[in-house]
Amino acid sequence: MAAVNLRLGDLVWGKLGRYPPWPGKIVNPPKDLKKPRGKKCFFVKFFGTEDHAWIKVEQLKPYHAHKEEMIKINKGKRFQQAVDAVEEFLKKAKGKDQASSHNSNEEKNRRNSSEERGKQSAGEEKRKAGLSEGKLKKSTGEGKKRASSVSSERGSKSPLKRALDQSPRKRGRPPKDEKDLTIPESSTVKRVMTGTVAGFKWPPGVSEPAVCYQAITKKLKVCEEETGSTSIQAADSTAVNGSITPTDKKIGFLGLGLMGSGIVSNLLKMGHTVTVWNRTAEKCDLFIQEGARLGRTPAEVVSTCDITFACVSDPKAAKDLVLGPSGVLQGIRPGKCYVDMSTVDADTVTELAQVIVSRGGRFLEAPVSGNQQLSNDGMLVILAAGDRGLYEDCSSCFQAMGKTSFFLGEVGNAAKMMLIVNMVQGSFMATIAEGLTLAQVTGQSQQTLLDILNQGQLASIFLDQKCQNILQGNFKPDFYLKYIQKDLRLAIALGDSVNHPTPMAAAANEVYKRAKALDQSDNDMSAVYRAYIH
């Protein structure tokens, strides 16, 4: 695409990360908002939303030139309202232009009249000067003097030209007044823009993830690091407010454990077409009643669906699911998509990606941070890496199951990040249990300790819930102890692979291993407390 010159006041289509292009106008940024470093950016205010953003010039297209193209590929109600807002703005602008044009024509007529009078005056002067020259030729000395005087007068500027030259008005500069930009407020871009737009092509050589903008509103925060990873964060879960437009792609889901069950439930609630499979078939019954379809094998699910998600317990289960009899790989054909949401090591996920892609499939890793309750509430945090296009195709699914999704680049990055997150969480849980038991053996009130922690900097939902589990002796699993120990083990191995010390994680891992020896594997991670009292 040829380079397009844009300037203040232009209407444009702006591309926000993985979301569809949205109509906006280039405006002046707030005085206290600094322009991002790097490539050329424009500050855009979007129609039909509360959002503003710095957007690189490569991510912008002129509004009028691409209007028909965008309307064809976007059919959402909110999108249409945004387009209507643009048309209303144009109508008002046209009315102002017509009034301005009328005034301009009157001014032009006045100027033309003034110029005509100036020309007539100049002609009269010229005629008189000619007569004077003819008469004065008889008198040489005096005639030359007067002819020189007339010539000098004829070479000077007219009064009209002098007035124009002295005018302070500069031409070619757009007006600074932006008060005519009336954009109705609505919900955030994340809530109104779903799905992907395959027809929106950026210039050759420009990678789509190269977004350079800072959203001002608190409801939507979109950022990109120099590593190429992007995050899209919303203040609340779209699964809660029910404003998701589900993809028309057929979705498959393999694995209905603590996390998978909540994910599938939210996918169904938001209107997705879902086919499910689980090693223990009875777990599928509830979802069949909710409208899901039943797949007999992983291969069958993959072959009949466009995008298949999987969420299983560990690296071995993830490999068996793909490479085993009637496994995922047998259903992969060119164009089929596989998204592994299991928490595994980077080597495992890289191996799975290679075999899927070798069959012409598309692969994305997308482990989730959260627990059973967050899964049920559609408030998970999704860490994705791999096929960027597939990440975008999963947009409505990720919105249904989570409050936030991050794209972290190449395959393996999400696995590493997930292990680090769970390493921190597991170590913190062990420290909580250690503190409560120390309070107990030194004669301090455990409840008072919790009250103090809840009033300090460590206060969090996680801290309160896990302490309540311990105080009440309720270790019903929200996150299996055996799985957090597995993640600690894998995180320690990750540290070993790069010769990085992980002594805190190693100490916590030993405590969890003792808890497993005390038959706490299938209890909640907070049952690590029992390792300290036995």
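Everything numeric in this text was worked out from a predicted model, so none of it was measured.

**Q** Looking at this model, I keep getting lost on the overall build of the protein chain. Mind explaining?
**A** Scanning the protein chain from terminus to terminus reveals 21 helices and 16 strands. Contacts in the protein chain between residues at least 24 apart in sequence constitute 68% of all its contacts with a sequence separation of at least 6. Accessible surface, the protein chain: about 28,000 Å² in total, of which carbon and sulfur atoms supply 51%.

**Q** Explain the environment of P503 here, please?
**A** Within the secondary structure layout, P503 lies in helix α20 (residues 503-517). Along the primary structure P503 and I492 are separated by eleven residues, whereas in three dimensions their C-alpha atoms are 8.7 Å apart.

**Q** Explain the packing of helix α16 (residues 413-441) against α20 to me, please; I cannot follow it from the model alone.
**A** Packed helix pairs are characterised by how far apart their axes lie and by the angle those axes make with each other. One way to put it is that α16 packs onto α20 with a least axis distance of 9 Å and a crossing angle of 60°. Taken together, the axis directions place α16 and α20 in an arrangement best described as oblique. Considering the relative orientation of α16 and α20, their crossing is left-handed. Mapping the contact onto sequence places M423, G426, S427, M429 and A430 in α16 and M504, A505, A508 and Y512 in α20. When its residues are assigned to classes, the contact of α16 with α20 shows seven nonpolar, two polar and no charged.

**Q** Explain the packing of aromatic side chains to me, please; I cannot follow it from the model alone.
**A** Working definition: an aromatic ring pair is given by the centre-to-centre distance plus the angle between the planes. For the structure shown, the criterion picks out ten aromatic pairs. Judged by centre distance (6.3 Å) and plane angle (70°), the ring pair of F309 and F398 falls under edge-to-face. Of the two residues, F309 is situated in strand β11 (residues 307-310) and F398 in helix α15 (residues 395-401); the sequence distance between them amounts to 89 residues. Classification of F309 by relative accessible area gives buried; the value is 0%. Its guanidinium or amino end placed over the ring of F407, R388 lies 4.8 Å from that ring's centre, counting from NZ or CZ. For the cation-ring pair, K482 lies above Y480, with the distance from its terminal atom to the ring centre recorded as 5.2 Å.

**Q** Looking at this model, I keep getting lost on the pattern of salt bridges. Mind explaining?
**A** Pairs can form between side chains of opposite charge once their charged atoms are near each other. Inspection of every chain in the model, using the stated rule, returns eleven salt bridges. A salt bridge links E351 to K319, with the nearest nitrogen and oxygen atoms 3.4 Å apart. Separated by 32 residues along the polypeptide, E351 in helix α12 (residues 346-358) and K319 in helix α10 (residues 315-323) bring together distant segments of the chain. Judged by its relative accessible area of 31%, E351 falls in the partly exposed class.

**Q** Quick question: what am I supposed to make of the confidence of the model for the protein chain here?
**A** When pLDDT is low, close inspection of the predicted coordinates is not appropriate. The predicted model of the protein chain averages 79 in pLDDT, with 69% of residues at 70 or higher. In the model, residues 133-242 has pLDDT below 50 throughout and makes 207 contacts with residues more than four positions away in sequence or in other chains.

**Q** Just to check I follow, could you spell out unusual backbone geometry for this structure?
**A** A negative phi angle is the norm for most residues apart from glycine, just as the trans form is the norm for most peptide bonds. A positive phi is found at S326, a non-glycine position, where the angle reads about 55°. As for its placement among the helices and strands, S326 is situated in the loop between α10 and α11 (328-331). Here S326 falls in the partly exposed class, since its relative accessible area comes to 31%.

**Q** Would you explain the environment of F253 in this entry?
**A** Locating F253 in the fold gives a position in strand β8 (residues 251-254). Taking relative accessible area as the criterion, F253 reaches 0% and is therefore assigned buried. C-alpha of F253 to C-alpha of C311: the two residues are 58 residues apart in sequence and 8.0 Å apart in space.

So, how was this worked out
- Residues numbered from 1 in each chain as written.
- Predicted model: local features only at pLDDT ≥ 70, side-chain atom pairs only at ≥ 80, totals over all residues.
- Heavy atoms only, no water.
- Helix = DSSP H or I, 4+ residues; strand = E, 2+ residues; numbered from the N terminus.
- Contact = heavy atoms within 4.5 Å.
- Areas by Shrake-Rupley, 256 points an atom, 1.4 Å probe, with all protein chains shown as cover.
- Axes fitted to C-alpha atoms, helices over the stretch in contact; angles between N-to-C directions.
- Parallel < 35°, antiparallel > 145°, perpendicular 65-115°, else oblique.
- Left-handed = near helix turned anticlockwise from the far one by under 90°.
- Nonpolar A, V, L, I, M, F, W, Y, C, P; charged D, E, K, R; others polar.
- Phe/Tyr/Trp six-rings, centres within 6.5 Å; stacked < 30°, edge-to-face > 60°.
- Buried < 20%, exposed > 50% of the residue type's maximum accessible area, 1.4 Å probe, protein only.
- Lys NZ or Arg CZ within 6 Å of the ring centre and 35° of its normal.
- Salt bridge = Lys/Arg side-chain N within 4 Å of Asp/Glu carboxyl O.
- pLDDT = per-residue confidence, 0-100.

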